[in-house]
Amino acid sequence: PPSVPSRSAFPARAAAQAKALGLPAFPTTTIGSFPQTAEIRRARAELRAGRLGDAAYTELMEKEVELCVREQERLGLDVLVHGEPERNDMVEYFGEQLNGYVFSQLGWVQSYGSRCVKPPI
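Conventions adopted
Residues numbered from 1 in each chain as written. Predicted model: local features only at pLDDT ≥ 70, side-chain atom pairs only at ≥ 80, totals over all residues. Heavy atoms only, no water. pLDDT = per-residue confidence, 0-100. Helix = DSSP H or I, 4+ residues; strand = E, 2+ residues; numbered from the N terminus. Core = buried A, V, L, I, M, F, W, Y, C linked by side-chain atoms within 4.5 Å. Buried < 20%, exposed > 50% of the residue type's maximum accessible area, 1.4 Å probe, protein only. Patch = residues over 30% accessible without salt bridge, like charges linked within 9 Å, V, L, I, M, F, W, Y side chains within 5 Å. Areas by Shrake-Rupley, 256 points an atom, 1.4 Å probe, with all protein chains shown as cover. Salt bridge = Lys/Arg side-chain N within 4 Å of Asp/Glu carboxyl O. Pairing = 2+ DSSP bridges.

## Describing the confidence of the model for the protein
- Looking at the protein as a whole, its pLDDT mean stands at 87, while 98% of the residues score no less than 70.
- Per-element mean pLDDT across the protein ranges from 74 in strand S1 (residues 109–112) up to 96 in helix H3 (residues 54–75).

Dropping the structure here:
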């Protein structure tokens, strides 16, 4: 499909963003998810087994987000991320949000390097 032209030229958008965000010329941030801790993995397993309710799981994930944000603040990063503690896998998580897809329990495939995912069926 054809691209939609911007409402304003790039220099105007860049100036507006710089003014609104107040970031340095080379802002620091993180890329990707924070490591999945043993507590996160345990909570996810408990949720799937029905031993942990949705509300308790959500509360635990919100606490993990808080820890991720505080760590980034402590490090002095410019652009903070929430750490994605609720994501079980880079493919599976998004597929679970869609109707009509299921995932095997042991159907891991290599996606790149040493990274493996469970693709949707």
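From this point, the discussion proceeds with the structure in view.
## What about the nonpolar core?
- Judged by nonpolar contacts, Ile-40, Ala-43, Leu-52, Tyr-57 and Met-61 together constitute the single largest core of five residues.
- Elements with a contribution of two residues or more to this core: helix H2 (38–48) and H3.

## Considerations on a nonpolar patch on the surface
- On the surface, Leu-21, Leu-23 and Val-79 cluster together to form a nonpolar patch covering roughly 240 Å² of accessible area.
- Along the chain, Leu-21 falls in helix H1 (residues 10–21).
- Among the residues examined, Leu-21 registers a relative accessible area of 56% and is labelled exposed.

## A closer look at the pairing of S1
- As defined by bridge partners, S1 adjoins strand S2 (residues 115–117) across three bridges and the pair is classed as antiparallel. Bridge pairing in S2 places Gln-110 opposite Cys-116.
- With antiparallel pairing between neighbouring strands as the criterion, S1 and S2 make up a hairpin whose turn holds two residues, including Gly-113 at a positive phi of roughly 50°.

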